[in-house]
Amino acid sequence: MSESEGGAADAVSTSTYSSPAKSLGDPGITPLSPSHIVKDSDAEDAVEQLFLVVVAIDFGTTSSGYAYSFTKEPECIHVMRRWEGGDPGVSNQKTPTTILLTPERKFHSFGYAARDFYHDLDPNESKHWLYFEKFKMKLHTTGNLTMETDLTAANGKKVKALEIFAYALQFFKEQALKELSDQAGSDFENTEVRWVITVPAIWKQPAKQFMRQAAYKAGMATPENPEQLIIALEPEAASIYCRKLRLHQMIDLSSRAPVNGYSPSDTIGTGFTQAKEHVRRNRQSRTFLVENVIGEIWSELEEGDRYIVVDSGGGTVDMTVHQIRLPEGHLKELYKATGGPYGSLGVDYEFEKLLCKIFGEDFIEQFKIKRPAAWVDLMIAFESRKRAAAPDRTNPLNITLPFSFIDYYKKFRGHSVEHALRKSNVDFVKWSSQGMLRMSPDAMNALFKPTIDQIVQHLSDVFDKPEVTNVKFLFLVGGFAESPLLQQAVQSAFGSRCRVIIPQDVGLTILKGAVLFGLDPAVIKVRCSPLTYGVGVLNRFVEGKHPPEKLLVKDGTRWCTDVFDKFISADQSVALGETVTRSYTPAKPSQLVIVINIYSSEQDNVSFITESGVKKCGTLRLDLTGTDASVPNRREIKTLMQFGDTEIKAMAIDVATSKSVKMVTIPAVHHNNG
């Protein structure tokens, strides 16, 4: 892996300061040995059996839910019981991702309950309450997400994002444990549960680490017992579920009649609501039987075949290309997850832009601040109409305007909503006498167009990549995949290149796949490392080779500081559970505290930790005080990095005394599995 001088050529420096040459802080370490790789796949299996149940949480941008399976009965996946509330025209297998805090900033409610309570508050009172919706997008759009990042409530007040996410996860934890306790007839302990939280594959490193911290704060797992929580990638979870699909559980768009030949009973929506899976009613939970077989579609795939999973949700669209490895059908990740913020929220933004065009941006801004609950109401009304949009629709879609919208507009502008519509010259939107906005199907389709065009464009770019030739299937999953408009666009653009397949209960695909992943985390075997990882070290200074500003003289020895000692390069394939080991020795033999800093970079060739784009992602501290003085003068410190499901675990061991430091977990960035 490294070129020469025992890893010197691409070494990294372990100093906590930005350029150690300028300071004599911590003496650092220097490489001892060339690298070698140890395969370690049995370590996972020992942990596996301790959990009685796997609970997966799909914490989505627009809606969230959980599902679970008992490890003794892995073929049954139970989707959470029905929620109180629910909107007309929107299936409530999941609950909206909305959260309400009291004026004192304490958790009050989540989901429909939060929305309805907030809505029923008197406007003078509601402005003191903190209501958050669609807040997950913030994790995607904040480049420098930290534990300090704020979220803004509907009333403009700010709260730490970490608190909101922890409250939300804690709510799901309590709901799930309550349901499990009801099922079991006795209290279910958190220690008996393995939690799986799904995240978009395109999330950057800090967002995944952030999610894990929020889960620790919610009490799902602890830094001492990180195995209890798996962070799974949404498209990978979907892919695992798609492997199990039987023909009656999906819709093959390529075998469909042409779109204009759809009969109303054939429209895709109805197929989803009456998912033809065997449903067993077990108290109020819904149980899906996952037959422990490889589905028919999957059995058509041969060694080396490729398929693409397009996961289109509320906030983001992720694309991942997998290749089949036989005999056991393990998946090999070929193409790093890509995508962008092209989720169905884009359609909501277009609707908001349309309202601004008709009623004026100044009014819409004021209305959102002064009547936040009514604004939420309007968006809910839009949501259920949005789901009724279809390519062949001919009759208009009506959206009810809340009374307070009509009333506030008259006060604000001095004329009626009807007058505004007449004056606005927006052709496709009319005012109906029942107090509704009447949109022609063309007007509705126009709201979808920018988002769908971006998805199709992005998919075309992916299909043009050399590693994406010969794709057999395209699985369209995620909540936005329920949209007939998106289905038609994907089918007409790519139907000639591959078969476009949609699982029937497409909105629950990820949730069920995440449960299967929690039951068997080893199913995804090889992945591209998203980044180059390494450690900061000191190397002997070589005149003419090392830059003079990196020279550090210590106790008469000339060192080159800030060297990046590479563990693994970006895009190198890593097997799950693979361990890479390096040996170091303290630069100063008498040193008693050893600090090893771990760095990452998106670039393949990194020589120094001071280069742009190199980020510090973890620190190992090994305290050797109190150890036996008869230790050899070249003390060996072994550093191991194990490439795990969604994180990389790093550990340091003092070979002479076997003293080791607690693992640090580095989130494997935008790693195809989290």
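Residues numbered from 1 in each chain as written. Predicted model: local features only at pLDDT ≥ 70, side-chain atom pairs only at ≥ 80, totals over all residues. Heavy atoms only, no water.

- An unreviewed UniProt entry lists the protein under the name Heat shock 70 kDa protein 12A, with Cairina moschata as the source organism.
- The UniProt entry for the protein carries the following comment under Function (unreviewed entry): "Adapter protein for SORL1, but not SORT1. Delays SORL1 internalization and affects SORL1 subcellular localization."
- Regarding the protein, the relevant UniProt record gives this comment under Subunit (unreviewed entry): "Interacts with SORL1 (via cytosolic C-terminus); this interaction affects SORL1 internalization and subcellular localization." (UniProt positions renumbered as here; feature names shortened; annotations may be inferred.)

1. Some points on the overall build of the protein
Link 1 in the chain: Scanning the protein for helices and strands turns up 17 helices and 37 strands.
Link 2 in the chain: A buried classification covers 58% of the 674 residues belonging to the protein.
Link 3 in the chain: Summing over all exposed atoms, the protein offers an accessible surface of approximately 27,000 Å²; the carbon and sulfur share of this is 51%. (Helix = DSSP H or I, 4+ residues; strand = E, 2+ residues; numbered from the N terminus. Buried < 20%, exposed > 50% of the residue type's maximum accessible area, 1.4 Å probe, protein only. Areas by Shrake-Rupley, 256 points an atom, 1.4 Å probe, with all protein chains shown as cover.)

2. Some details on the environment of Ala 221
Link 1 in the chain: With respect to the element layout, Ala 221 can be found in the loop between α6 (205-217) and β14 (229-233).
Link 2 in the chain: Residue class for Ala 221 comes out buried when judged on its relative accessible area of 5%.
Link 3 in the chain: For Ala 221, the residues in contact, after removing those within four places along its chain, are Ala 215, Tyr 216, Gln 228 and Leu 229. (Contact = heavy atoms within 4.5 Å.)

3. Observations regarding the layout of surface pockets
Link 1 in the chain: Here the second largest pocket is characterised by a volume of approximately 760 Å³.
Link 2 in the chain: The set of elements that each furnish at least two residues to the lining of the second largest pocket consists of β10 (130-133), α4 (137-141), β11 (150-152), α10 (345-359), α11 (361-370) and α12 (372-386).
Link 3 in the chain: Here the residues of the lining of the second largest pocket sort into 14 nonpolar, four polar and seven charged. (1 Å grid on protein atoms, 1.4 Å probe; cavity = no way out; pocket = protein on both sides within 12 Å on 5 of 7 lines; lining within 4 Å. Points joined across faces, edges and corners; volume = space filled by probe spheres on them. Nonpolar A, V, L, I, M, F, W, Y, C, P; charged D, E, K, R; others polar.)

4. Focus: the nonpolar core
Link 1 in the chain: Within the largest apolar cluster, 133 residues are counted, with the highest numbers of intra-cluster contacts made by Phe 132, Phe 351, Phe 359 and Leu 474.
Link 2 in the chain: Here this core gets eleven residues from one element, more than from any other, and that element is helix α5 (residues 161-184).
Link 3 in the chain: Apart from residues lying up to four places away in sequence, Phe 359 is in contact with Ile 364, Leu 401, Phe 405, Tyr 409, Arg 413, Val 417, Ala 420 and Leu 437.
Link 4 in the chain: Ile 29, Leu 620, Ile 648 and Val 661 belong to the second-largest nonpolar core, a separate cluster that totals 27 residues. (Core = buried A, V, L, I, M, F, W, Y, C linked by side-chain atoms within 4.5 Å.)

5. Some details on the packing of aromatic side chains
Link 1 in the chain: Tallying each qualifying case throughout the model produces 28 aromatic pairs.
Link 2 in the chain: Ring plane angle 15 degrees and centroid distance 5.0 Å describe the contact between Phe 463 and Phe 494, whose orientation is recorded as stacked. Residue Phe 463 is found in helix α15 (residues 441-463), and its partner Phe 494 is found in helix α16 (residues 484-494); the two are separated by 31 residues along the sequence.
Link 3 in the chain: Among the aromatic residues, ring-to-ring pairing joins Phe 359, Phe 363, Phe 367, Phe 405, Tyr 408, Tyr 409 and Phe 412 into one connected group.
Link 4 in the chain: Taking NZ or CZ as reference, Arg 540 lies 5.0 Å from the ring centre of Trp 559, over its face.
Link 5 in the chain: Its end group placed over the ring of Phe 567, Arg 582 keeps NZ or CZ at 4.9 Å from the ring centre. (Phe/Tyr/Trp six-rings, centres within 6.5 Å; stacked < 30°, edge-to-face > 60°. Lys NZ or Arg CZ within 6 Å of the ring centre and 35° of its normal.)

6. With respect to the confidence of the model for the protein
In low-pLDDT segments, the atomic positions of the prediction should not be examined closely.
Link 1 in the chain: Averaged over every residue, the pLDDT of the protein is 75; the share at 70 or more is 73%.
Link 2 in the chain: Note that residues 669-674 has pLDDT below 50 and, in this model, 43 contacts with residues that lie over four places away or in other chains. (pLDDT = per-residue confidence, 0-100.)

7. Points about the packing of α11 against helix α13 (residues 403-413)
Link 1 in the chain: Running from amino to carboxyl end, α11 crosses α13 at an angle of 125 degrees, the nearest separation of the two axes being 11 Å. Judged on the interaxial angle alone, α13 and α11 are oblique. Crossing geometry of α11 relative to α13 is assigned as right-handed. Counted together, Asp 362, Phe 363, Ile 364, Gln 366, Phe 367 and Lys 370 of α11 and Ser 404, Phe 405, Tyr 408, Tyr 409, Phe 412 and Arg 413 of α13 form the full contact between these two elements.
Link 2 in the chain: Its residues assigned to classes, the contact of α11 with α13 comprises seven nonpolar, two polar and three charged. (Axes fitted to C-alpha atoms, helices over the stretch in contact; angles between N-to-C directions. Parallel < 35°, antiparallel > 145°, perpendicular 65-115°, else oblique. Left-handed = near helix turned anticlockwise from the far one by under 90°.)

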